[in-house]
Amino acid sequence: MKHLTQFTAAAAMALALGAQAAQAEGKVVVYHWFEYMPAELLEKFTEETGIEVVMDTFDSNEALLASLKAGAIGTYDVAVPGDYMVKIMAGEGMLDTIADGELANKGNIQEEWADPSFDPGRQHSIPYQWGSTSFMVNRDVYQGDINTTDILFNPPAELSGKINMLDSQGEVIAMASLHMGIPQCSTDREQLKALNAMLQEAKQHWASFNSDTAKEVLVSGDAAVGQIYDGFGAKARQEGANVEYAFPKEGYVVWMDNVVLLKDAPNRDNALKFMDFLLEPENIAAVTNYARYSSGVVGTKEFLDPELSTQPESNPPAEAGKGAFIEVCDEETQKVYDQIWTNLKK
Amino acid sequence: MGRRFDIKHVPGFLPVTILCLVVLYAPLLVVTIYSLNDSNSITNWEGVSLRWYADVFTGPEAEKFKLAAWNSFTIAIIAATVSTSIATLAATAMVRGGRFRLRTVSFGLISMPLMVPEIVTAVATLIFFNSIGFTRGYSSILLAHIAFCIPFAYMPIAARMQGIEDSYEQAALDLYATKRQAFTRILLPMMVPGIISGYLLAFIISLDDFIITNFVKGAGIETLPTAIFGSVKQGIKPNIMAISTMLLALSILMVTISYFVSKSDKKT
Amino acid sequence: MAGGAASGGSARTDTYREARHWLLLPSWVVLIFLILIPVLMMLVYSFLTKEFRGGVIWEFSLDAYDQFFFNRGLFGDEPPSIEWTYITIFWRSIWQAGAATILSLVIGFPTAYFIATRPEKVRPMWVFLITIPYWVNLLIRTVSMKFVLRDQGPLNDFLLWTGLIDSPLHIVNTNFAVQLGLFYSYLPFMVLPIYASVERYNFALSEAASDLYAGKWVTLRRILLPAVKPGVIAGCILVFVPSLGSFLAPDLLGGAKNFMIGSLIEEQFKGNAGNWPFGAAASMILLSMVLIILIVFARQQARAEKGGA
């Protein structure tokens, strides 16, 4: 009954006033991936600052963008988009600028992440976690060399028809570009045609596109090869599957999730406190221990689970190719890539 | 009499029904078995344990899932109740209101939530709510659920009503009952199986909805599907299986209770 | 009247004609505000210019429909020819949804009929039995279904054990798995409406007909079929139409190697590219397609009634 009254009251208010409910003080509204932050850490933040954390979750970078585009901007303080999405959101004018001196702990950011291509000078964001997207191979099925993208796009006979790809345009096409050694935002027609043809050919070897159960298909053995994130891959291995994470010589995808300050944040000061909190080595290390990725903050080592430093999924061998971020193409170029993706899945 | 055909016992229908139940329940058996798994994985079996049940109540996400379950159930109950009432009234007009111009239009309107892909309704509703300044939260989820539950409640109710001859109501009217009495005392009781069917369909549709809910829910509120979809992004853990098994147990318990209550009703 | 009572079907009357607009009012209010207005907004969106990465620019444009029907090559500069991509996707979805509907009907009808012929006291039990599985989240149900159907899953183990097959059936990631996924998503939506319409059926009538030496099939066709028709129609609509736009269960089971209408449209709003006008246009094409089918259908039914009366 309580909720019914609430509902009536809310409906009446919305219709009569057409106004947003006033944001209470002492809150920070976070738009986050689900289960990406340990609950104890949120409690710790509230204890230290007295600020309550209100959490909402999204399930993909694109869903985050769609929701903000549909008018949700102005209701959240911070969000946690991936690398290329930071650039896109900045381009859309969805991000607020963090002025010099506003973040006390900004100096804690590791040098290599202090000036990333997707947010030069870290004007809008701070690092959260980073990792890689590559693929895993079931060693019971295939014993040969796995550190090549041929496993995905031109697989040996044992693996053909047993490959699961992520159902994500960005990850599949970036990997395919690395495989062919062409830029991610190519405008060369011959390259694009070749990419299109290569994907059509490779598709015949794939069993499925599946992101939601990318880990499960590997653990169960339904797929012998699966595109996967490193932290996820570590979990698949720990669950007992004889799988190995590949670092292809052609290169692999690197990603970084970042905490961004959103435009029109209703609790801007609290948002900055939240970001400062996540730049403390001890706090961000707790996230790393939980999510099994890596942070971009100095001085976390003493707080980290020692197992992480030897985790094969986060420690590429010396002969591995380079990690590459997913690039953001301009509108005309993107149109062709969209067409290639549609061709692949039509 | 050898030719006599007993229409109540069509041979072959029992095996099909059993097949139907096997299909419906076999996956749930898997869910139940794997909720007892002592592993972090849902695909590897490592012995029997109740640890995931404990996790549901005491684990780090216990509070979140408890709240999500509360939201889901209250929303599903209210949305199913409201949409079933609306659908019953609408069905009465459509089936017992004669022929009229707006009937085809109304039919189109009522079936519209079925025809528009959920993601479109989701984005459009979100834009609409934002443009009128409606704060997203519990009430926006509820309103959206009421709307798209209507056709699911309407279809079985209308189908049922078409099957009831109006001679009963006519008889009541002949005996000087008012139309309201004919409706509430004669038609409604005969409608019960249709209304129950409609209510149940609306209930499970609301309980299971993810796409629309995910868009209109706003910050700080989760329903079971959004909580489950979110947590699955980090891999499916047996705690989800434990939650599902408990939901099953709860539903079976409620059905059993209602069965015994109705049984004792009839005795007195 | 006698005919109507005997058939038990289509007992449409005008008993409540004075109140009909009042009775419809609540549904109109709710649906106009929460469905019609958003749908009209989408209709408008489908004629606007797309904004890169989602959203719209308020300039009239037919690009979305052009993209749907005309192919201009990978780079968009070839002379237009007919675009088969999206027509193929639509056709695939219609075909899969149709197969799932038939599958639901074949399994669902006997089940509903069986339930309706149980003693009155236990009928609600059976109805609940059909809906209980749906308390479990669709994603979890589907993942478990996949587990059952796997090459090394319980189903194949069982079939191998019985000796019906020699090698495991490969079901997951096939078209059949897509149909199974849709079937499993919507089965109660077939069973319950049919049950609701059969439940009231006066079985004494067919017994009487049978006593009068009407043949088995005559009894079925002339007496039973008209009685269950509304339920079957309602059930088919409730399974077929949502199946058209559904993607989660079919994608998980079928491998998502090919777009369904639902995933195509989802991709336009939540995918990398974010082409809202195109997503809106595809939805409008789907909507008008289904709407036309339903209205033609409703018209025909109304005509049949008029003819029968």
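Residues numbered from 1 in each chain as written. Chains lettered and ligands numbered in written order. Predicted model: local features only at pLDDT ≥ 70, side-chain atom pairs only at ≥ 80, totals over all residues. Heavy atoms only, no water.

What counts is decided by this rule: UniProt positions are given in the numbering used here, feature names are shortened, and annotations may be inferred rather than shown by experiment.
The name given to chain C in an unreviewed UniProt entry is ABC putrescine transporter, inner membrane subunit, and the organism recorded there is Roseovarius nubinhibens. Check the Sequence similarities (unreviewed entry) section of the UniProt entry for chain C; it says "Belongs to the binding-protein-dependent transport system permease family. CysTW subfamily." UniProt lists a comment for chain C under the heading Subcellular location (unreviewed entry), and it reads "Cell membrane".

Chain A appears in an unreviewed UniProt entry as Putrescine-binding periplasmic protein from Roseovarius nubinhibens. UniProt annotates chain A under Sequence similarities (unreviewed entry) with the comment "Belongs to the bacterial solute-binding protein PotD/PotF family." The record held by UniProt for chain A lists under Function (unreviewed entry) the comment "Required for the activity of the bacterial periplasmic transport system of putrescine."

1. Observations regarding the overall build of chain C
The cut-off we apply is this: Helix numbers and strand numbers start at the N terminus; a helix is a DSSP run of H or I with at least 4 residues, a strand a run of E with at least 2. Each residue is assigned to one of three classes by its accessible area relative to the maximum for its type, calculated with a 1.4 Å probe on protein chains only: buried under 20%, partly exposed between the two thresholds, exposed over 50%.
Regarding its fold elements, chain C presents 13 helices and four strands. The 309 residues of chain C split such that 59% are buried.

2. Quick look at helix H10 (residues 224-232) of chain B
For the α-helix, the turn length of 3.6 residues means that residues three or four positions removed from each other point alike. For H10(B), the tally of buried residues reaches nine of nine residues, placing the bulk of the element in the interior. Taken together, the buried positions of H10(B) are Leu224(B), Pro225(B), Thr226(B), Ala227(B), Ile228(B), Phe229(B), Gly230(B), Ser231(B) and Val232(B).

3. As for the state of the cysteines
Selection rule: Cysteine sulfur atoms that pair up within 2.5 Å are treated as a disulfide.
Here the structure, examined in full by the defined rule, presents one disulfide over all chains. Paired through a disulfide, Cys185(A) and Cys329(A) show a sulfur-sulfur distance of 2.0 Å. Between Cys185(A) and Cys329(A), the S-S torsion sits near -85°, and that sign places the bridge as left-handed. Taken together, the residues span a long stretch of sequence, with Cys185(A) in the loop between helix H6 (169-180) and helix H7 (189-203) and Cys329(A) in the loop between strand S10 (323-325) and helix H13 (331-345) at a distance of 144 residues. Judged by relative accessible area, Cys185(A) falls into the partly exposed class, the value being 21%. Left without a disulfide partner, Cys236(C) is nearest to the cysteine sulfur of Cys20(B), which lies 15 Å away. On the basis of relative accessibility, which here comes to 23%, the residue Cys236(C) falls in the partly exposed class.

4. A look at the domain arrangement of chain A
All names here are of chain A. Heads up, the rule is: For every domain, the bounds stem from an assignment made automatically or drawn from a database. Residues count as neighbours in contact if any of their non-hydrogen atoms are within 4.5 Å of one another. The term buried area means the drop in 1.4 Å probe accessible area that two parts suffer when joined, counted for both and summed.
By the assigned domains, chain A splits into domain 1 (9-129 + 256-308) and domain 2 (131-254 + 316-345). Averaged C-alpha coordinates put domain 1 and domain 2 at centres separated by 29 Å. Counting residues at the interface gives eleven residues for domain 1 and ten residues for domain 2. Note on domain 1 versus domain 2: buried area summed over both sides is about 900 Å², and carbon and sulfur give 65% of it.

5. Brief notes about the UniProt feature "transmembrane region" (unreviewed entry) in chain C
All names here are of chain C. Those residues carrying the UniProt feature "transmembrane region" (unreviewed entry) are residues 22-48, 94-115, 127-149, 176-196, 231-249 and 276-297 in this numbering. Regarding residues 176-196, the helix share stands at 100% and the strand share at 0%, and the terminal C-alpha atoms are separated by 29 Å. Helix makes up 89% of residues 231-249 and strand 0%, whereas the separation of the span's terminal C-alpha atoms amounts to 25 Å.

6. Quick notes on the packing of aromatic side chains
Definition in use: Working definition: rings of Phe, Tyr and Trp (its six-membered ring) pair if their centres are within 6.5 Å, and the pair is stacked with planes under 30 degrees apart, edge-to-face with planes over 60 apart, and tilted otherwise. A positively charged side chain is recorded as over a ring if its NZ (Lys) or CZ (Arg) lies within 6 Å of the ring centre. The angle to the ring normal must also be within 35 degrees.
Tallied over the entire structure, the rule returns 42 aromatic pairs over all chains. Look at Tyr245(A) and Phe247(A): their rings are 5.2 Å apart centre to centre, the planes differ by 75°, and that puts the pair in the edge-to-face class. Exposure remark for Tyr245(A): the relative accessible area of 5% places this residue in the buried category. A connected cluster of aromatic rings, assembled from ring pairs, spans Phe68(C), Phe69(C), Tyr86(C), Phe90(C) and Phe278(C). Here the basic side chain of Lys345(A) rests over the ring of Phe209(A), its NZ or CZ set 5.0 Å away from the ring centre.

7. Digging into the interface of chain B and chain C
How large an interface is tends to be reported as the accessible area lost when its parts come together. To keep it simple, the criterion reads: We define a salt bridge as a side-chain nitrogen of Lys or Arg found within 4 Å of a carboxyl oxygen belonging to Asp or Glu. We call two N or O atoms a polar contact when they sit within 3.5 Å, provided that within protein one can donate a hydrogen and the other can accept it, with sequence-adjacent residues counted only if both atoms are side-chain atoms. Residue polarity is assigned by list, with Asp, Glu, Lys and Arg as charged and Ala, Val, Leu, Ile, Met, Phe, Trp, Tyr, Cys and Pro as nonpolar; anything else, Gly included, falls into the polar class.
If you look at the interface, chain B gives 119 residues, while chain C gives 115 residues. Note on chain B versus chain C: buried area summed over both sides is about 10,900 Å², and carbon and sulfur give 77% of it. The tally of links from chain B across to chain C stands at two salt bridges. Our count for the chain B to chain C interface comes out at 13 residue pairs in polar contact (both at pLDDT 80 or more). For the side of chain B that touches chain C, the element with the highest residue contribution is helix H1 (residues 13-35) of chain B, accounting for 16 residues. Grouping the amino acids of the side of chain B that touches chain C by side-chain chemistry returns 85 nonpolar, 20 polar and 14 charged.

8. Points about the pairing of strand S4 (residues 125-138) of chain A
Residues and elements named next belong to chain A. Here is the rule: Strands qualify as paired when DSSP identifies two bridges or more between them.
Of all 14 residues making up S4, 13 are buried, and the element is well covered by its neighbours. Bridge count for S4 against strand S9 (residues 252-261) is eight bridges, and the pairing is antiparallel. Bridging from a neighbouring strand, Gly 131 pairs with Trp 255 of S9. Bridging between S4 and strand S7 (residues 225-229) involves five bridges; their strand directions are antiparallel. Paired with Ser 134 across the two strands is Ile 228, which belongs to S7. Of the pairings in the sheet, the one linking S4 to strand S8 (residues 243-246) comprises four bridges and is antiparallel in character. Opposite Met 136, over in S8, you have Tyr 245 as the bridge partner.

9. What about the pattern of salt bridges?
One pass over the full model with this rule turns up 21 salt bridges over all chains. The partner of Asp222(A) in a salt bridge is Arg150(C), and the shortest N-O contact between them spans 2.9 Å. Within this pair, whereas Asp222(A) is found in the loop between helix H8 (214-220) and S7, its partner Arg150(C) is found in the loop between helix H6 (138-149) and helix H7 (154-162), the two belonging to separate chains. One salt bridge in this structure joins Asp305(A) and Arg292(A), with 3.1 Å as the shortest N-O distance. Of this pair, Asp305(A) sits in the loop between helix H11 (281-291) and helix H12 (307-310) while Arg292(A) is found in the loop between H11 and H12, placing the two residues 13 residues apart along the sequence. Members of the salt-bridge network, linked through shared partners, are Lys69(A), Glu92(A) and Glu51(C).

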